[in-house]
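Residues per chain are reported as follows:
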Amino acid sequence: MSILFVLIPLSLGLVVFAGWAFFWAVGNGQFDDLESPGWDALREESIAAPAKSPERRTDA
Amino acid sequence: MNPLLCFHCGEPLLGSTVTARINGRDEAVCCQGCRAVAELIGDVGLSDYYLFRETSSARPDEAALARDAWAAYARPEIAAQFTRRSGDTESVTLAIDGMRCAACSWLIDKVLQLEPAVTQVSTNASTGRAHVSWDSSRLTLADILRTIARLGYRPCPLGDDQVQQLQQREQRTALKRLAVAGLGMMQVMMFAVASYSAHLSGESIEPGLLEFFRLVSLLVATPVMAYAGAPIFAGALQSLRRRTVGMDVPVAIALVLAYGASVWNALRGNRNEVYFDSVTMFVFFLTLGRFVQMSVRHRMTGVSDALARQLPAAAHRVDGKTIEDVPVSALRRGDPVLVRAGEVIPVDGELVAGMAAIDEAMLTGESLPVQRSPGESVAAGTLNCLGPIYVRVTETAAGTVISHIVSLLQRAQAQKPAVSRAADAAAARFLLCVILGAALTFALWLAFDPTQAFAATLAVLVVACPCAFAIAMPAALSAATARLAHGGVLVTNPDALETLARVDRIVFDKTGTLTRGVITVGRCVALADISEAQCLQIAASIELASEHPLARAFVPSATCEPARDVRTVAGCGVEGVVNDRRYRVGTDRFVADLRGEPGAEQTLADMAGTLVTLGDERQALALFDLRDAARTSAPAAIESLRKLNVSAQILSGDSQQAVGGVAAHCGITDYFARRSPVQKLAHVQQLQREGHCVAMMGDGVNDAPVLAGADVSIAMGRGAALAHASADMILVGDNLGSLADAICVARRSQRIARQNMIWSAFYNLGSLPLAALGFIPPWLAALGMSLSSIAVLLNTTRLLPRAQPPMGIGDSPQSRRHDVSSAIASQACAIGVRS
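**Q** Help me understand the overall build of chain B, please; the structure alone is not making it clear to me.
**A** Secondary structure assignment for chain B yields 29 helices and 29 strands. Residues counted as buried form 49% of the 835 residues belonging to chain B. Taking contacts inside chain B between residues at least 6 apart in sequence as the whole, the part at least 24 apart equals 67%.

**Q** Just to check I follow, could you spell out the overall build of chain A for this structure?
**A** Helix and strand content of chain A: 3 helices and 0 strands. Counted from the first residue to the last, chain A has its helices and strands arranged as α-α-α. With 60 residues in all, chain A has 3% of them scored as buried.

**Q** I tried to follow the sheet that holds strand β10 (residues 336–339) of chain B on my own but got confused; where do I start?
**A** Note on sheets: strands pair through backbone hydrogen bonds, and any given pair is parallel or antiparallel. In spatial order, the strands read β9-β8-β10-β16-β11-β14 (chain B); together these 6 strands make up an open sheet with antiparallel pairing. Among the strands making up the open sheet, the edge pair consists of β9 (322–327) and β14 (377–378) of chain B.

**Q** What is the right way to look at the environment of V712 of chain B in this model?
**A** Residues and elements named next belong to chain B. Relative to the elements of secondary structure, V712 occurs in strand β28 (residues 712–716). What makes V712 buried here is the crowd of 28 C-beta atoms within 10 Å. In the structure, V712 is positioned 215 residues away from L497 in sequence and 8.2 Å away in space, judged by C-alpha atoms. If we ignore the near neighbours within four places in the chain, the residues touching V712 are A496, T499, L500, V503, A695 and D728.

**Q** Help me understand the nonpolar core, please; the structure alone is not making it clear to me.
**A** Looking at soluble globular proteins, one finds that nonpolar side chains tend to be buried together. All names here are of chain B. Core analysis: the biggest nonpolar cluster contains 68 residues, and V29, L107 and I108 have the highest contact counts within it. With 7 residues, helix α5 (residues 102–113) is the largest single contributor of residues to this core. Not counting chain neighbours up to four residues away, the residues in contact with L107 comprise I41, L46, Y49 and L151. Ranked by size, the runner-up nonpolar core spans 60 residues in total, among them L500, A630, A648 and L707.

**Q** Any chance you could explain the sheet that holds strand β15 (residues 383–384) of chain B here in plain terms?
**A** All names here are of chain B. With respect to topology, 3 strands assemble into an open sheet ordered β13-β12-β15, the strand pairing being antiparallel. Of all strands in the sheet, those with a lone pairing partner are β13 (370–372) and β15, marking the two edges. With 2 bridges joining them, strand β12 (residues 356–359) and β15 adopt antiparallel strand pairing. Counted as the bridge partner of D359 is L383 from β15.

**Q** What exactly am I supposed to notice about the confidence of the model for chain A here?
**A** Residues shown with low pLDDT carry predicted positions that ought not to be read at fine detail. All names here are of chain A. Of all residues in chain A, 60% have pLDDT values of 70 or greater, and the mean over the chain is 72. For chain A, helix α3 (residues 52–59) is the element with the lowest average pLDDT, namely 36, and helix α1 (residues 4–27) is the one with the highest, namely 93. In this model residues 46–60 is a low-confidence stretch, pLDDT under 50, and it forms 9 contacts with partners more than four residues away in sequence or in other chains.

**Q** Help me out: how do you make sense of the environment of Q657 of chain B in this one?
**A** Topologically, Q657 of chain B is positioned in helix α23 (residues 656–666). Remark: the alpha-carbon pair of Q657 of chain B and A673 of chain B, spanning 16 residues in sequence, is separated by 8.4 Å.

**Q** Looking at this structure, I do not really get α5 of chain B. What am I missing?
**A** Note that an α-helix has 3.6 residues per turn; residues three or four places apart therefore point the same way. Its 12 residues give α5 of chain B an end-to-end C-alpha distance of 16 Å, which sits within 8% of 16 Å, the value for a rise of 1.5 Å per residue. For α5 of chain B, the tally of buried residues reaches 9 of 12 residues, placing the bulk of the element in the interior.

**Q** Before we go on, may I ask you to explain unusual backbone geometry in this structure?
**A** Glycine aside, negative phi is the norm for most residues, and most peptide bonds take the trans geometry. Residues and elements named next belong to chain B. Even without a glycine there, the phi angle at N579 is positive, about 50 degrees. Inspection of the secondary structure assignment puts N579 in the loop between β21 (573–578) and β22 (581–586). Overall, N579 belongs to the exposed group, with 11 C-beta atoms counted inside 10 Å. Positioned with a positive phi, R674 is a non-glycine residue whose angle comes to about 55 degrees. R674 sits in the partly exposed class, given 14 other C-beta atoms within 10 Å.

**Q** Would you mind going over the pairing of β28 of chain B with me for this structure?
**A** Moving residue by residue along a regular strand, the side chains alternate between the two faces of the sheet. All names here are of chain B. Where burial is concerned, most of β28 is hidden: 5 out of the 5 residues are buried. Taking every second residue as pointing to the same face, both faces of β28 are buried, with V712, I714 and M716 on one and S713 and A715 on the other. Direction of pairing for β28 relative to strand β29 (residues 729–731): parallel, over a ladder of 3 bridges. The partner of M716 across the bridge, within β29, is L731.

So, how was this worked out
Residues numbered from 1 in each chain as written. Chains lettered and ligands numbered in written order. Predicted model: local features only at pLDDT ≥ 70, side-chain atom pairs only at ≥ 80, totals over all residues. Helix = DSSP H or I, 4+ residues; strand = E, 2+ residues; numbered from the N terminus. Buried ≥ 20, exposed ≤ 12 C-beta atoms within 10 Å, placed from the backbone. Contact = placed C-beta atoms within 7 Å. Pairing = 2+ DSSP bridges. Core = buried A, V, L, I, M, F, W, Y, C linked by C-beta atoms within 7 Å. pLDDT = per-residue confidence, 0-100. Expected span 1.5 Å × (residues − 1).

Below, the structure written as structure tokens:
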């Protein structure tokens, strides 16, 4: 069971990393708005080719 | 899409034949404004918006667009009040009225990004804010505002954004604390479960490993205590300093005792119990509770914010012959100010020149504009409907009528929490008993068996934490809140549901609640041989060119070209030429004047609004009864309220005649007309003294004080922002039928809450003696505390909506998420309810 003396400090290291990553994400505003970013996929779509989307829908 | 409703704004079409061409299809819309917006959205290729939106869109403010209400923001000294600059980049935070769902924010975001000079846009649908940065050498604030307004939203630049930033910082810190507590709890629990299961199965862990577990637990639990637990200790200290006992005090004592003893035992390396698992679990649940409470608090709009939206930022000051746009804050008493037609009057003042028709609906609830002549006073926040007027400033800022209404509102709000203060006092007494009981337990155990004293005391402190009891009510309320959100009722003050269940009187303000707040042609009576439809067409052609708010009643019926040679006579009516014949629309005398006769007062039987006559050079042709039409859902809603033993009243600032008409239509016998905000508040307070529980429903600024004074207040979704700020609930879909549903759900939630309370009281009272006698170790106490809460939650889920109502695309996953989050929320409120 002495492997635990290595694995547990390792897991603690991972936890600290996860905590740091979460703090970074919060500080970066990732959790400020949980609604609108779901629409980012649409936001990315280029505005130059707008006419496509309705036609695609009627085909489907 | 319902064929009888406008494709864009969802209002009834009222016979409009205007269509908008989107994606090669003609969609029926209610007015030219909606058509412009819908086609604009289609033209830039964003018509997907209509597929994804969750509520219908706001009707665009055509008048504001036409007179370019945002021109003043192009001036740097006015824009500077609202924007921040760094180099060439200027940025601003906007509150956007009408941005209700993610689709709206998506649309605004996209359209702003079409502008090449805009460098950064971020929109947030949950707060209704947008943050925009742009290159100030190529664009002005006015351009940004115009772009948003063209989409049918009402942008309002927010100068002082401290509240928003403060809230954001608070939210971020709370999230971080929650993460630390959660991660810490999981880690410590991992070691604790290993120790416990070894203990239960009768095997033993190597002493060295056990020692190691305890030291690692200490390492993990310390940041949880110090960082995540900090607000709990701060709260406890604060309430001790105020010499009161809040929920925080026994919790903090239990935490300090448990943590202190555990540290002592872990470092000393003796075989005594450590309680790091109980400590971290407790901190996590408490932090979760605080987080949910904070989110609810943030969702409420600040009153000052609402006031800012009501008043314009700039005024046109007259300096000799020149007119200069200045910030309202720069105006002094005695300054002459020009207010153009359709503009909001920025200050209280005295009318100097011009016959004015002022829309005072915001202040008085009067649905029709009132006439003002030179020498009379006008109030800030009211709308100048007809032609330019000159006003001499008598009061600015804090002295204005609208500011008085806001302070009245603040006073009423301050008086409200009497009930919750009583609950706090009761909780404080109970918690004091808990602490005394724990001390007694400790003393007795010390006398008989000192080794057990500490564990038993700790168990008492944890078990006695009336968590399940405390969540019994909030859990039921938040489940009911989720349920109501489905039905189109947003609950902004969770306490309100408790009161709503007891409501036996409901008081409506007329304008905008029972009625649609829009003037329409209620009835048309032809007097000559021309048909009613033709008369309506003629009147519409003439009125198309008029800015008078009464004229808008005719606009939906207009299918033809506007009349020629249109002339408006203030206070009388409009004259114009249609098909080479001269007509007049307006008062009797004005119309009769055209044919050279003295006017005779005309009346119609069962007339409910304002009478307008149409005539030509020979005779009077038709009478129009213009009225603020009652909502179609009103009579049925009143009827179903009556079935719930809730009787309705109308309390309005409008005229006796107008109120009576609506009351008769809706089947309400109790109505009171011409009431000022102060009288309304007094009336509601009188009802309360008689022992009634009163719900008030309103939508204007004038309703804000009475909304705050009523037991439960409900505002219409399309009402004034200030009314929202003081309302407990907001009726989003404008469907009055949801009211009776809301009361039903509120009553059911009370039943469930009562069951929850009985069960949890049973748990608390039953486990307390067991803990005191030492039968419950601290970890079991912590587990029991959580399990009793879960039992309460499971009972509560019966309130949650089951069937998905047929709504727009993208709605269902979201509402399901809402349910889950509200279940978590209740769990959290649960443990977190303290002050």
